[in-house]
Amino acid sequence: MKDFINAYSWINIHYLLQGLWITVAVSLVSIVGSYVLGSILGIVRYVNIKVISPVVGLFIDIIRNLPLLLIIFFTYFGLPNLGLRPSSVWATILAMTVFESTMIAEIVRSGIAAVDPGQMEGARANGLSYGQAMYHIVLPQAMKKMIPALVSQFISLIKDTSLATIIVLPDLMHNAQIVYGQNSTYILPMFLMIAVMYFIVCYALSLLSRSLDRRMS
Amino acid sequence: MIAIFHNYGSLLLQGFGQTLLCSVIALIFSLVIGSMFAIFETTPIKFLRVIARIYIEVFRNIPLLVITMFFYVVIPMFVTKINGFTAGTIGLTIYTSAFIAETVRSGINSVDPGQMEGARANGLSWWQSMQHIVLPQAFRYVIPPLGNQFINLVKNSSVLAFVAGFDLMYQGNVIASDSLNTMSTYICIGILYLIITLPLSYWMRYLEKKLA
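So, how was this worked out
- Residues numbered from 1 in each chain as written.
- Chains lettered and ligands numbered in written order.
- Predicted model: local features only at pLDDT ≥ 70, side-chain atom pairs only at ≥ 80, totals over all residues.
- UniProt positions renumbered as here; feature names shortened; annotations may be inferred.
- Helix = DSSP H or I, 4+ residues; strand = E, 2+ residues; numbered from the N terminus.
- Buried ≥ 20, exposed ≤ 12 C-beta atoms within 10 Å, placed from the backbone.
- Contact = placed C-beta atoms within 7 Å.
- pLDDT = per-residue confidence, 0-100.
- Core = buried A, V, L, I, M, F, W, Y, C linked by C-beta atoms within 7 Å.
- Nonpolar A, V, L, I, M, F, W, Y, C, P; charged D, E, K, R; others polar.
- Axes fitted to C-alpha atoms, helices over the stretch in contact; angles between N-to-C directions.
- Left-handed = near helix turned anticlockwise from the far one by under 90°.
- Parallel < 35°, antiparallel > 145°, perpendicular 65-115°, else oblique.

Identification of chain B as Glutamine ABC transporter permease protein from Secundilactobacillus pentosiphilus is taken from an unreviewed UniProt entry. One UniProt comment on chain B, placed under Subcellular location (unreviewed entry), says "Cell membrane". A UniProt comment under Sequence similarities (unreviewed entry) is attached to chain B, and it reads "Belongs to the binding-protein-dependent transport system permease family."

Per an unreviewed UniProt entry, the recorded name for chain A is Glutamine ABC transporter permease protein, and the organism is Secundilactobacillus pentosiphilus. Under Subcellular location (unreviewed entry), UniProt gives the following word-for-word description of chain A: "Cell membrane". Its UniProt record gives chain A the following Sequence similarities (unreviewed entry) comment, quoted word for word: "Belongs to the binding-protein-dependent transport system permease family."

Visitor: Mind showing me how you'd approach the overall build of chain B here?
Guide: The secondary structure content of chain B amounts to nine helices and zero strands. For the C-alpha atoms alone, the extent of chain B along its principal axes is close to 70 × 45 × 25 Å. Relative to its full complement of 212 residues, chain B shows a buried share of 45%. Looking at chain B alone, contacts between residues at least 24 apart form 73% of all its contacts between residues at least 6 apart.

Visitor: In this structure, what is going on with the overall build of chain A? I would like to understand it.
Guide: Along chain A, the regular secondary structure elements total nine helices and zero strands. Ordering the α and β elements of chain A from the N terminus gives α-α-α-α-α-α-α-α-α. Dimensions of chain A, computed from C-alpha atoms along their principal axes, come out at roughly 70 × 45 × 20 Å. Of all 217 residues assigned to chain A, the portion counted as buried reaches 42%.

Visitor: What is the right way to read the UniProt feature "domain: ABC transmembrane type-1" (unreviewed entry) in chain A from this model?
Guide: Here, UniProt's "domain: ABC transmembrane type-1" (unreviewed entry) annotation points to residues 20-209 of chain A. Helix and strand shares over residues 20-209 of chain A are 80% and 0% respectively, and the end C-alpha atoms of the span are 21 Å apart.

Visitor: Got a minute to help me understand unusual backbone geometry in this structure?
Guide: Backbone geometry follows two general trends: most residues other than glycine have a negative phi, and most peptide bonds adopt the trans configuration. Even without being glycine, Asn48(A) reaches a positive phi, approximately 60°. Assignment of secondary structure puts Asn48(A) in the loop between α2 (10-47) and α3 (52-64). For Leu180(B), which is not glycine, the phi torsion reads 60° and is therefore positive. Structurally, Leu180(B) can be placed in the loop between α8 (168-179) and α9 (182-211).

Visitor: Is there a simple way to think about the UniProt feature "domain: ABC transmembrane type-1" (unreviewed entry) in chain B in this case?
Guide: As annotated by UniProt and renumbered to match this structure, "domain: ABC transmembrane type-1" (unreviewed entry) occupies residues 16-204 of chain B. With 84% helix and 0% strand, residues 16-204 of chain B has its two end C-alpha atoms placed 22 Å apart.

Visitor: Can you help me understand the confidence of the model for chain B in this one?
Guide: As a general rule, the predicted coordinates of low-pLDDT regions are not to be interpreted in detail. Across chain B, the average pLDDT comes to 90, with 100% of residues at or above 70. The least confident element of chain B is helix α1 (residues 2-7) of chain B, whose mean pLDDT is 81; the most confident is helix α3 (residues 46-60) of chain B, at 94.

Visitor: What am I meant to see in the UniProt feature "transmembrane region" (unreviewed entry) in chain B here?
Guide: Residue and element names in this part refer to chain B. As recorded in UniProt, the sites labelled "transmembrane region" (unreviewed entry) are residues 16-40, 61-79 and 183-203. In the segment residues 61-79, helix accounts for 79% and strand for 0%; the C-alpha atoms at its two ends are 25 Å apart. Along residues 183-203, the helical share is 100% and the strand share 0%, with 30 Å between the first and last C-alpha atoms.

Visitor: Would you mind showing me how to read the nonpolar core here?
Guide: Formed by 116 residues in total, the largest nonpolar core has its most connected members in Leu70(A), Ile72(A) and Ile194(A). Among the elements that line this core, the one with the most residues is helix α5 (residues 88-113) of chain A, at 13 residues. Not counting chain neighbours up to four residues away, the residues in contact with Ile194(A) comprise Leu16(A), Leu172(A), Met173(A), Ala176(A) and Val66(B).

Visitor: Is there a simple way to explain the interface of chain A and chain B in this structure?
Guide: How large an interface is tends to be reported as the accessible area lost when its parts come together. Contacts between the two partners involve 29 residues from chain A and, on the opposite side, 29 residues from chain B. Counting only elements with at least two residues in the side of chain A that touches chain B, the list comes to α3, α4 (68-78), α7 (130-160) and α9 (187-216) of chain A. Looking at the side of chain A that touches chain B, the element that brings in the most residues is α9(A), giving ten residues. Classifying every residue of the side of chain A that touches chain B by side-chain character gives 21 nonpolar, five polar and three charged.

Visitor: Looking at this model, I keep getting lost on the environment of Val47(A). Mind explaining?
Guide: Looking at where Val47(A) falls in the secondary structure, it is placed in helix α2. For the pair Val47(A) and Ile112(A), spaced 65 residues apart in sequence, the C-alpha separation works out to 9.8 Å.

Visitor: Hey, could you run me through the environment of Lys155(B) in this one?
Guide: Structurally, Lys155(B) can be placed in helix α7 (residues 126-156). Separated by 132 residues in sequence, Lys155(B) and Ser23(B) have C-alpha atoms that sit 9.0 Å apart. Apart from residues no more than four positions distant in its own chain, Lys155(B) is found in contact with Leu66(A), Pro67(A) and Thr197(B).

Visitor: Looking at this structure, how should I read the packing of α2(A) against α9(A)?
Guide: A packed helix pair is summarised by two numbers, namely the angle formed by the two axes and the spacing between the axes. All names here are of chain A. Following both chains from N to C, one finds α2 and α9 inclined at 35°, their axes separated by 11 Å at the closest point. At the point where α2 passes α9, the crossing takes the right-handed sense. Along the contact surface, α2 presents Leu-16, Leu-20 and Val-24, while α9 presents Met-193, Ile-194, Met-197 and Val-201. Across the contact of α2 with α9, the residue classes tally to seven nonpolar, no polar and no charged.

Visitor: Where do I start with the packing of α7(A) against α9(A) in this structure?
Guide: Residue and element names in this part refer to chain A. As a packed pair, α7 and α9 sit with axes 10 Å apart at the nearest point and diverge in direction by 175°. It follows from the interaxial angle that α7 and α9 lie roughly antiparallel. Across the interface between the two elements, Lys-144, Ile-147, Pro-148, Val-151, Phe-154, Ile-155, Ile-158 and Lys-159 of α7 pack against Tyr-198, Val-201, Cys-202, Leu-205, Ser-206, Ser-209, Leu-212, Asp-213 and Met-216 of α9. Broken down by class, the residue content of the contact of α7 with α9 amounts to twelve nonpolar, two polar and three charged.

Visitor: Quick question: what am I supposed to make of α4(A) here?
Guide: Residue pairs three or four apart in sequence face the same way in an α-helix, which turns once every 3.6 residues. Here α4(A) lies mainly inside the structure; ten of its eleven residues are buried. For α4(A), every residue scored as buried is listed here: Leu68(A), Leu69(A), Leu70(A), Ile71(A), Ile72(A), Phe73(A), Phe74(A), Thr75(A), Tyr76(A) and Gly78(A). Among the structural elements, α5 and α7 of chain A together with α8 and α9 of chain B are those in contact with the buried residues of α4(A).

See the structure below:
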């Protein structure tokens with residue numbers, strides 16, 4: 001019990017919260033980046049432009065079937081071979097954005113495919129161009145279907161930022177390791193605390209997605 | 001790149017084997033545990049439903065790395081010493097089983113409730129109807145998503161690199177720091193991962209289309 005009281009001193013908790021902030025900030029930037037990039041990739045793959053779509057499709061299939069950890073290593077330790085030297089924060093954001101955007105591209109593609117083709121035909125028959133029909137008619141409906149899958153992807157993105165500990169991103173996991181590295185009696189309390197912190201962030205997001213889903217349907 | 005395969009072939013092969021081994025072990029156990037919790041969630045017994053809900057929500061919302069490190073760092077302090085491979089496999093099993101439970105549960109729910117009612121009306125017990133009527137139908141629905149879980153499992157097994165599990169990713173780091181050719185090493189490792197995951201992912205897409 002005494003271990004827990006000592007381990008949860010304000011200094012340690014404050015340090016963990018700093019880590020949590022890095023986790024959340026890096027996740028947020030990656031979520032925005034991968035959402036934008038992923039939507040573009042997904043739409044390009046869906047609309048079947050000659051040459052471009054198959055190439056994009058191959059890129060998506062390759063990246064999404066690799067471990068994220070490998071991509072993180074690649075951006076941090078591999079890119080310097082090409083003369084690029086991103087900091088650990090930017091390497092993480094870059095790796096997460098590229099990896100997650102391919103996952104999101106697949107969600108977007110299958111979301112668009114799930115919209116009744118009659119919607120597109122109807123819109124075209126009413127005189128809208130393909131782009132207009134896509135933007136005003138198909139995408140908003142696809143969006144509704146995608147929300148649960150998108151949010152669970154974002155949740156796994158937040159969890160996966162912990163992998164960047166290995167390239168010394170000062171995130172929640174990393175800061176917890178620093179704290180329990182000083183005193184081995186802090187190990188159990190630290191693990192419980194970071195588990196709770198990750199859980200709160202991710203569970204809150206999944207509750208939000210459920211309420212969004214309910215309101216839309 | 002060819003030089004990497006040539007010089008470090010045995011290390012790469014060893015890592016490849018460990019990655020496959022740990023993925024298959026974790027898959028088998030997480031299928032069993034995940035199905036168990038999925039069945040718990042659909043039982044009429046409230047206590048089991050609550051237990052299953054808590055298990056699934058907790059382990060789905062905590063990073064795999066935290067679970068794995070817990071077994072690698074905390075368990076040896078209080079219970080018994082375990083090596084990195086075991087800790088990693090246990091962590092993967094627990095994490096994946098929560099996702100599989102969710103997948104199987106939605107499979108069970110997508111079976112027409114009339115099937116269960118019909119089976120019960122014909123005199124089968126709840127468990128008999130579950131086992132002989134509902135589960136076989138549910139598994140047909142969940143094969144493609146289960147395949148995707150296995151792909152995720154193979155990718156997630158790279159977490160073994162954190163706990164000295166001697167998997168592909170770990171050997172990749174060893175080779176990268178030995179050969180100093182990080183770029184080609186990681187490309188080689190990527191190719192080896194793709195050998196497992198890419199055919200699986202195309203096969204699952206084919207099955208999805210066929211079953212739909």
